[in-house]
Amino acid sequence: MRSAVDTNGAPLIGAHQGTLDSVGLEHLAGKWRRSALHRFLHHKSWRWCMVANAQVMVALALLDAGYATNAFLFAVDLATRSLLVDRTALGLPRMSGRVGDRPNEGSDARFSAQGLRIAITRANGSGAYRISAQAEGLVLDAELDATNAPSGLVLIAPVPDGPLNVTQKTSGLSARGTVRINGVVHSLDGGYGGFDYTNGLLARHTAWRWAFATGRDADGRCVGLNLVEGFNDAGTASENVVWIDRTGLPVGRARFAFDAHAPLERWVITTDDHAVDLSFAPIGAHREDRNLVVARSHFVQVAGTFAGTVRTPSGVIAISALPGVTEDQDVLW
């Protein structure tokens, strides 16, 4: 898709297979158009990324909230099931970070503040994203190759008081590179990665539960999942999808069972159509509880592994030790 907005200024509402050239919210017209003040107060965009192999997993994100920028990264050892590094930083609006309007070729998302630097870029004509990050205890230098990855999912959905959110999820990108964690260098070659790119005019109060994972099953197939509850799931289309090899399969509305006061205890994630029945075993969590006067947030993202089953038209897929994250967020922004 070239844009999330058609030539008449209307958003292309619904779930679409593939990727976006650019988001194009500046072209919204008619009932979808909002004032400059509304756009300033409600425009939020972020880029989240994970890369993992059988030994380690790194998750990182950068957020542009208009009045502030924020970024974090954390890494876990999947073999010893331990949290290795957890870093976060706040930055100045328009100065410390940016996400940009292009999620694929031409992508350029960067953050630099308080000792944390992140860059996610993809040159025009290139099939690979370059991901670099530096923080105390961690240096990441990796590429995620989208050439043979499963088709992405683009969801364009209205939101209350928004008016609109655009998200692209991609999974199963082949990883290469290294990450140095607390002085130890780990090769990422042969691993996998994925992205959440989101750009929208969102409601003042937003809350959700989310799960994302990518890796291989016991039979060597590339497997990924993106599941959400409470956001982008109220209409006829949602961003709930599982990927088996290069095929994305829509699944029903997701349900998350967990203890919000003890997120490092076991989670259970299912879907209403019984396609997904998964247990999530946490390893470590990145947490943020902030009150910035203009915004308040409760946020926890947990790294760990998924196990269970996914039912597809061709049979049941057994999943074990699939690396990924769960998330619980409730934010006033």
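The structure this text deals with has already been given above.
Residues numbered from 1 in each chain as written. Predicted model: local features only at pLDDT ≥ 70, side-chain atom pairs only at ≥ 80, totals over all residues. Heavy atoms only, no water.

A. Just the pairing of strand 17 (residues 241–244), in detail. Here strand 17 shows a buried face lined by Val241 and Trp243 and a second buried face lined by Val242 and Ile244. Bridge count for strand 16 (residues 222–229) against strand 17 is 4 bridges, and the pairing is antiparallel. Its bridge partner lying in strand 17, Leu225 is registered against Val242. As paired strands, strand 17 and strand 18 (residues 247–250) are joined by 4 bridges and run antiparallel to one another. (Buried < 20%, exposed > 50% of the residue type's maximum accessible area, 1.4 Å probe, protein only. Helix = DSSP H or I, 4+ residues; strand = E, 2+ residues; numbered from the N terminus. Pairing = 2+ DSSP bridges.)

B. Structural detail: the nonpolar core. Ranked by internal contacts, the top residues of the largest apolar core, which has 32 residues, are Leu60, Ile120, Ile131, Leu138 and Leu140. With near-sequence residues (within four places) excluded, Ile120 lies in contact with Arg47, Cys49, Leu60, Leu62, Ser107, Asp108, Ala109, Arg130, Ile131 and Phe195. Within the second largest apolar cluster, 28 residues are counted, among which are Met57, Phe212, Trp243 and Val325. (Core = buried A, V, L, I, M, F, W, Y, C linked by side-chain atoms within 4.5 Å. Contact = heavy atoms within 4.5 Å.)

C. How the structure looks around the packing of aromatic side chains. Summed over all chains, the structure comprises 14 aromatic pairs. Taken together, a centroid distance of 6.0 Å and an interplanar angle of 35° make the contact between Trp46 and Trp333 tilted. Taken together, the residues span a long stretch of sequence, with Trp46 in strand 2 (residues 43–52) and Trp333 in the segment after strand 23 (315–332) at a distance of 287 residues. As far as the burial class goes, Trp46 and Trp333 line up, both buried. An aromatic cluster is present here, built from Phe256, Phe258, Trp267, Phe280 and Phe306 joined pairwise through their rings. Positioned above the aromatic ring of Phe195, the side-chain terminus of Arg47 is 4.8 Å from the ring centre. The ring of Tyr129 has Arg122 lying over it, and the distance from NZ or CZ to the ring centre is 5.0 Å. (Phe/Tyr/Trp six-rings, centres within 6.5 Å; stacked < 30°, edge-to-face > 60°. Lys NZ or Arg CZ within 6 Å of the ring centre and 35° of its normal.)

D. Here's a closer look at the side chain of Asn104. Inspection of the secondary structure puts Asn104 in the loop between strand 6 (97–98) and strand 7 (108–113). Residue class for Asn104 comes out buried when judged on its relative accessible area of 6%. Looking at Asn104, its side chain comes within polar contact range of the side chain of Gln168, at 2.9 Å. Those residues in contact with Asn104 that lie beyond four places of it in its chain are Thr19, Leu20, Arg47, Arg122, Tyr129 and Gln168. (Polar contact = N/O pair within 3.5 Å; in protein donor to acceptor, adjacent residues only side chain to side chain.)

E. Fine view of the pattern of salt bridges. Following the criterion strictly, the structure yields 15 salt bridges and no others. In this structure, Arg110 engages Asp108 in a salt bridge whose closest nitrogen and oxygen atoms are separated by 2.6 Å. The partly exposed category is assigned to Arg110, whose relative accessible area is 37%. One salt bridge connects Glu229 with Arg209, and the closest N-O pair in it is separated by 3.6 Å. With Glu229 in strand 16 and Arg209 in strand 15 (residues 205–216), this residue pair connects regions lying 20 residues apart in the sequence. One salt-bridge network, in which partners are shared between bridges, spans Arg130, Asp141, Glu143, Asp145 and Arg176. (Salt bridge = Lys/Arg side-chain N within 4 Å of Asp/Glu carboxyl O.)

F. Here's a closer look at the pairing of strand 14 (residues 192–201). Of all 10 residues making up strand 14, 10 are buried, and the element is well covered by its neighbours. Side chains Tyr192, Gly194, Asp196, Thr198 and Gly200 project from strand 14 onto one buried face, and the interleaved Gly193, Phe195, Tyr197, Asn199 and Leu201 project onto a second face that is buried too. By the bridge criterion, 10 bridges tie strand 2 to strand 14 in an arrangement that is antiparallel. Paired with Met50 across the bridge in strand 14 is Gly194.

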